[in-house]
Amino acid sequence: MVEPEERPSVAGQRLGAPESMGISTLEPGQRPPTMPPGRQVSIRVQMLDDTQEVFEVSQRAPGKVLFDLVCAHLNLIEGDYFGLEFQDQRKMTVWLDLLKPTLKQIRRPKNTILRFVVKFFPPDHSQLLEELTRYLFALQIKHDLACGRLTCNESSAALLVSHIVQSEIGDFDEVQCKQHLLNNKYIPEQDALMDKIIEYHRKHVGQTPAESDYQLLEIARRLEMYGVRLYPAKDREGTKLSLAVAHSGVLVFQGHTKINAFNWSKVRKLSFKRKRFLIKLRPDLNQSNCQDTLEFMMGSRDCCKVFWKICVEYHAFFRLFEEPKPKPKPVLFTRGSSFRFSGRTQRQVIDYVKDSEFKKVPFERKHSKIQSNSGLSPFPPRLCVEGQGESNASASGHQADSPVGRTQVTVENPALQHYTGSLTSQTNGCRNGTHDEADARLKPSPSKQQAEHLSTGLASHAAKGPVSRSPQHSESPSAGQVMVNGQKQSLSLGQSPDRRQPSPLTSPLLTDAGFVRTDDEDEVRRKRFPTDKAYFIAKELLTTERTYLKDLEVITVSFQKSVGKDEAMPDSLRNLIFANFEPVYKFHETFLNDVEQRLAQWEGRSNAHIKGDYQRVGDVMLKNIQGLKLLTAHLQKHSEALLELERTCRSSRRLEGLCRDFELQKVCYLPLNIFFLRPLHRLMHYKQILERLCKHYPPTHDDFRDSRAALADISEMVVQLHGTLIKMENFQKLLELKKDLTGVEDLAIPGREFIRLGCLSKLSGKGLQQRMFFLFNDVLMYTSRGMTASNQFKVNGQLPLYGMTIRESEDEWGVPHSFTLFGQRQSVVVAASSASEMEKWVEDIKMAIELADKCNGSSAEILSSSFTDSKSPEESSADQESEDDLSASRTSLERQTPHRGNTTVHVCWHRNTSVSMVDFSVALENQLSGNLLRKFKNSNGWQKLWVVFTNFSLFFYKTHQDEFPLASLPLLGYSITVPSESENIHKDYVFKLHFKSHVYYFRSESEYSFERWMEVIRSATCSSSHIRSLSRKEPHVY
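Cut-offs applied
Residues numbered from 1 in each chain as written. Predicted model: local features only at pLDDT ≥ 70, side-chain atom pairs only at ≥ 80, totals over all residues. Heavy atoms only, no water. Helix = DSSP H or I, 4+ residues; strand = E, 2+ residues; numbered from the N terminus. Buried < 20%, exposed > 50% of the residue type's maximum accessible area, 1.4 Å probe, protein only. Contact = heavy atoms within 4.5 Å. Areas by Shrake-Rupley, 256 points an atom, 1.4 Å probe, with all protein chains shown as cover. Core = buried A, V, L, I, M, F, W, Y, C linked by side-chain atoms within 4.5 Å. Expected span 1.5 Å × (residues − 1). Polar contact = N/O pair within 3.5 Å; in protein donor to acceptor, adjacent residues only side chain to side chain. Pairing = 2+ DSSP bridges. Axes fitted to C-alpha atoms, helices over the stretch in contact; angles between N-to-C directions. Salt bridge = Lys/Arg side-chain N within 4 Å of Asp/Glu carboxyl O. Parallel < 35°, antiparallel > 145°, perpendicular 65-115°, else oblique. Left-handed = near helix turned anticlockwise from the far one by under 90°. Nonpolar A, V, L, I, M, F, W, Y, C, P; charged D, E, K, R; others polar.

Caption draft 1: Geometry of the overall build of the chain. Each helix and strand in the chain was counted, giving 30 helices and 33 strands. Out of the 1038 residues belonging to the chain, those deemed buried represent 56%. In the chain, once contacts between residues fewer than 6 apart in sequence are set aside, the share between residues at least 24 apart is 66%. Carbon and sulfur atoms provide 49% of the accessible area of the chain, an area that totals close to 47,200 Å².

Caption draft 2: Representation of the nonpolar core within the structure. Membership of the largest hydrophobic core comes to 128 residues, with the highest contact counts inside it found for Ile 577, Leu 757, Leu 954, Phe 991, Leu 993 and Trp 1013. When residues of this core are assigned to their parent elements, the largest contribution, 14 residues, is made by helix H15 (residues 533-564). Apart from the residues lying within four places of it in its own chain, the contact partners of Phe 991 are Leu 932, Ile 976, Thr 977, Pro 979, Tyr 1000, Tyr 1001, Phe 1002, Phe 1010, Trp 1013, Met 1014 and Ile 1017. In terms of nonpolar packing, the next biggest core, distinct from the first, is built from 106 residues, Met 47, Leu 114, Leu 160 and Met 225 among them.

Caption draft 3: Layout of helix H5 (residues 154-169). With 16 residues, H5 extends 22 Å between its outermost C-alpha atoms, agreeing within 8% with the 22 Å of an ideal straight helix rising 1.5 Å per residue. Put simply, Asn 153 is the residue that caps the front of H5, since its side-chain oxygen is 3.3 Å from the backbone nitrogen of Ser 155. A positive backbone phi angle near 90° is found at Gly 170, which sits one or two residues after H5.

Caption draft 4: Spotlight on the sheet that holds strand S29 (residues 953-957). Spatially, the seven strands line up as an open sheet ordered S30-S29-S28-S27-S33-S32-S31, and their pairing is antiparallel. The sheet is open, and its two borders are formed by strand S30 (967-970) and strand S31 (975-977), each paired with just one other strand. Strand after strand, the sheet turns through a mean of 35° between neighbouring axes, direction not considered. Taken together, the four bridges between S29 and S30 define a ladder with antiparallel strand orientation. The residue bridging Ser 953 from the neighbouring strand is Pro 970, located in S30.

Caption draft 5: Quick look at the pattern of salt bridges. The final tally for this structure, using the stated rule, is 44 salt bridges. One salt bridge in this structure joins Asp 80 and Arg 344, with 3.2 Å as the shortest N-O distance. Note that Asp 80 is positioned in the loop between helix H2 (63-74) and strand S4 (82-87) and Arg 344 in the loop between helix H9 (301-319) and helix H10 (346-355), a separation of 264 residues in sequence. Residues Asp 80 and Arg 344 agree in their burial class; the two are buried. The salt bridge involving Glu 716 is made with Lys 629; its shortest N-O contact spans 3.6 Å. Linking Glu 716 in helix H21 (residues 704-740) with Lys 629 in helix H17 (residues 618-629), this pair joins segments that are 87 residues apart in sequence.

Caption draft 6: Focus on the packing of helix H4 (residues 131-147) against helix H8 (residues 209-220). With their axes 9 Å apart at the nearest point, H4 and H8 run at an angle of 55° to one another. By the angle between their directions, the pair H4 and H8 is classed as oblique. Judged by the twist between their axes, the crossing of H4 over H8 is left-handed. Residues Glu 131, Arg 134, Tyr 135, Phe 137, Ala 138 and Ile 141 of H4 form the contact with H8, whose own contacting residues are Ala 210, Asp 213, Tyr 214, Leu 216, Leu 217 and Ala 220. In terms of residue class, the contact of H4 with H8 is made up of nine nonpolar, no polar and three charged.

No statement about biological role is implied by the geometric values presented.
Structure below.
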């Protein structure tokens, strides 16, 4: 038996934390308000996980004191989103007023239980900055689903429950999942949706509890009944309705269907008079007969007042910048209610959390009800005992983390709970996180050795089978003295102050150590995860495979839904595209699942019983690449599908319009043709990953043989399909440029190769004028940017390369970085923006002239007959453009019209740079995906984003499961460096992107990922030479 030392009951202190500063309504550095004098009263509060806690408050204390105690108990920073509700003597559910004395509101405290619940539901859960807050919101959603308040269709309900199950028991196991759903009811009609829930749960492999919470909130916030509490009412005709309030305004429901909404911007005043609730609207200038005042009848005056109060609070919380000031007390008479919103507004909460100087209390989500292997570490650092729980107490398992090891406890019965707490004495050094604390953790105390013994005993006891809840089977230590708001009480270890099971919210079951995390502890925490470079290579495989599967969905799902079923697409083309893409998509679905399962086992996140060495990925790659070789025939058909789609679009304007409209959809974040080449590019990615893996492994490593065999197989496929890839990359680029150019009939003629595009200044009678130049292996085109809505570039002239000469002419014209192109019928003087740009252009043009001279000149003759070398009428007028016209056309990328306003051509125009075909190929082959933390130049906080690099751009998502990016950042012209000391970025693995005054900081999770991001981004910002082009490509025809 262990005699625990005295420990305070507040959650953070019980874990060895300094006194919590996580009270939502206090400013930094302030302590909780002193308790007013008077008799102490016990108040019971039910938390969101259905556990109850007892708080001692003075009978004179206002509601704010009790609410602050609850927030401090939970170490909750963003407590302003929550509230305490209870049933008053009239059996009405009301909110605790923070300004009024608690006992004036709760007449019978011994018989009243307050409920700590979400009060204000923000429109976007990403506004919640703390993971603990999101977890509490997820518990609220779970409760609303179970009681039928949050209604939705069957598919949404099944998806919501699947995420709840994933967060509670972890990765999919069919038997365990079915048993868990039979034992737990999350929605009223759960049995009918069992199969659909299991089907969704199967797809969540590798998803952490925190990610499951995030997805749960993401789905829930889109539902019509999200955060809605209905208040019964009637309209003037006596029709039964319900009123509700949300962040946007007052809502009107009929049943569970929203029939009207009054935005805050339209509401002039809210009031009530007896049973009547009145909404006074602002006059609408567009409607002369608009009703000014709307009237609803509610059950009683008290009902009206309760709803009016919550409307006032919602309006103040979401619409005001700061807490409203109290009204001055009237001298003689009072008129109206003195009620006002008390607390911080949402804007103040967000600013407070972002700008707080103190470090946040760490919170790490764990599986709530996992059944996993015990004793994974020989150093179990915390005490694990049985507790006596009531029948509805949740069985919670947890990995108890420490700097020296991990312990997993098996829970196979709802009665079996474990409580883990720090048993080290709370010295000043421990509280302040000094060296004394580090020494105490590294040298286990006798208490920890006893804890180790108890943990081993519990694990062995649990392994034998279910544990009875009868008292004679309990092995809890003897009772100890604990503090409840300063009062000593006798309490068995493992019980909360009201002698119930401890809440997972306030015990280490779901939280990390309660002390404030330091930078050293961040380092320790990182070291818990695998540090082998092979692990990070495997993780790159996982993250890029997720993006690749989403890219395949653009063709197999989105394109098929939007275009594939239209009669404008011939059946032959439909079959050619989808019959060859769908088998590849299904194969990679299985491949991704295999990789996710392997990574989950590698990280120790899987709740399967681990047998054997799973810290390898070569065997998974070998098995799937051998399966991929069987799909070679389908991969070869993809280029044929792209060619056939282009031919059909030429003959069918309707199909061409459908494809153009599809490219404007958010899901098609790249030119459509690029998605047709994704499977061929993916082979290059596999080859690069396996080359890094084989280079890392010594020949004696267990995984080296499989990795080497997989590399040989994928190299064979790359050699087989490389010629097709080179041809199709060039063809795809010609098709893309065709959409950016006007004034040329057919850009993609047989034998033409794209070499370089970019911005040069052309010398004319008006001086230097900015033009876009396009270099091919047979012709050099120069264009001006059109002023039309389509933002296309107008071809002003074409210079055949056959017989052309080039000469540097900086001294002749006095223009820096200028050179002259001498054609058979016309000479042109152009200037580059820098010496390096000039060198690239001169080098590529000389190479193209050599290629043209080797040919017989037939293509030049064709061009000469089709286009004159002299200026066309269109060019004459274009050359007369003034600098004012040009500057007017240089709008920012953010203000472009949706149609082709953000392509590579336009980025080159705005950034005054150029790119070659080799650059395009490298950017497509060097793709990368993963989570990064982003920080702006003048911001304090880091935002976690899913980032995809491809096609010279970074695309930003909230999570890897999002259908389309939130924003993008074209990287052409940007520089990538490491922050300097003067920038005060005191974090590891941070790189900096900057272009003129635009600065972004990105932070990766490991040294390997940091180096990979630096490598691929440099490939987009550093142009390649023509030497690599010659080594990579051969002249070819279609």
